[in-house]
Amino acid sequence: MIRCLLAVALVALLPGAAWACLPGFEGTKQSRSNGITVAYKSQPAPIPVGQPFVLEIAVCPAPRALELDAHMPAHRHGMNYRPSITNPSPGLYRAEGLVLHMPGEWEFVFEVGLPSGARQRLTSPHLAQ
Ligand SMILES: [Cu+2]
């Protein structure tokens, strides 16, 4: 029992230990900033160009709120659709109705609402092809 607890404690100290509170998102794409980790995976994978897809998103620690958008920085445009986001359990989000309507360099923008009321923006590049 003590050995087991020790193992858990060691895992918590390792880099990448955020996975411990992101079950099911091991090895997925992630963005980290100021102690916040956003991990996400798409359905289908890889993300198709010009077709709707779903992003499952885990945020650690669990925030108060999450908003998601995607844009192409070089073209200065976003998506043509606004995704709908649900929050099935603390820290877990599901965004539906995303469409990357052209190939190229996109960026996912995650607006994390912190318990303090402040907002933290995390981004993650995505090459659509
Ligand atoms: Cu574009």
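Residues numbered from 1 in each chain as written. Predicted model: local features only at pLDDT ≥ 70, side-chain atom pairs only at ≥ 80, totals over all residues. Heavy atoms only, no water.

K.L.:
Residue-level account of the overall build of the protein chain, with values.
P.N.:
When helices and strands are tallied, the protein chain shows 1 helix and 9 strands. Counting only residues that meet the buried cut, the protein chain has 38% of its 129 residues in that class. Across the protein chain, every contact between residues at least 6 apart in sequence was considered, and the portion connecting residues at least 24 apart equals 53%. (Helix = DSSP H or I, 4+ residues; strand = E, 2+ residues; numbered from the N terminus. Buried < 20%, exposed > 50% of the residue type's maximum accessible area, 1.4 Å probe, protein only. Contact = heavy atoms within 4.5 Å.)

K.L.:
Talk me through the nonpolar core; I want residue IDs and the actual numbers.
P.N.:
Residues L55, I57, L100 and F108 are the most contacted members of the largest nonpolar core, which totals 24 residues. When near neighbours in sequence (up to four residues on either side) are disregarded, L100 contacts I47, P48, V49, G50, F53, A70, M79, W106, F108, H126 and A128. Formed by 5 residues, the second largest nonpolar core is a distinct cluster that contains L22, F25, A58 and C60. (Core = buried A, V, L, I, M, F, W, Y, C linked by side-chain atoms within 4.5 Å.)

K.L.:
Tell me what's going on with unusual backbone geometry, and back it up with residues and numbers.
P.N.:
That bond from Q43 to P44 is cis: its omega, -5 degrees, falls within 30 degrees of zero. The residue P44 is located in the loop between β2 (36–43) and β3 (53–60) in this model. Residue P61 follows C60 across a cis peptide bond; omega there is -5 degrees. Inspection of the secondary structure assignment puts P61 in the loop between β3 and β4 (65–72). Its identity as a non-glycine residue notwithstanding, N34 has a phi of 50 degrees, on the positive side. Tracing the sequence through the fold places N34 in the loop between β1 (29–33) and β2. On the basis of relative accessible area, N34 is assigned to the exposed category, the value being 66%. In the Ramachandran plot, R76 falls in the positive-phi region, its phi being about 55 degrees despite a non-glycine side chain.

K.L.:
Residues and numbers for the coordination of the copper ion, please.
P.N.:
The protein atoms donating to the copper ion are M72 (SD), H75 (ND1), H77 (NE2) and M102 (SD), with metal-donor distances spanning 2.0 to 2.4 Å. Geometry at the copper ion is tetrahedral, judged from its 4 donor atoms and the angles of 100 to 126 degrees they form at the metal. Of note, the copper ion draws all its donor residues from one chain, in the sequence arrangement M-x2-H-x1-H-x24-M. What makes H75 partly exposed here is its relative accessible area of 42%. (Donors = N, O, S within 2.8 Å, 3.2 Å for Na, K, Ca; no water. Tetrahedral: all angles 85-135°; square planar, octahedral: opposite > 155°, others 65-115°.)

K.L.:
Give a detailed account of the sheet that holds strand β5 (residues 77–78), specifying residues and quantitative values.
P.N.:
The strands making up a sheet are joined through hydrogen bonds of the backbone, oriented either antiparallel or parallel. As summarised here, the arrangement of the 4 strands in space is β5-β4-β8-β9, forming an open sheet in which the pairing is antiparallel. Each end of this open sheet is capped by a strand with a single partner; those strands are β5 and β9 (119–128). Pairing of strand β8 (residues 104–113) with β9 involves 10 bridges; the strand directions are antiparallel. By the bridge assignment, F108 is partnered in β9 with S124. (Pairing = 2+ DSSP bridges.)

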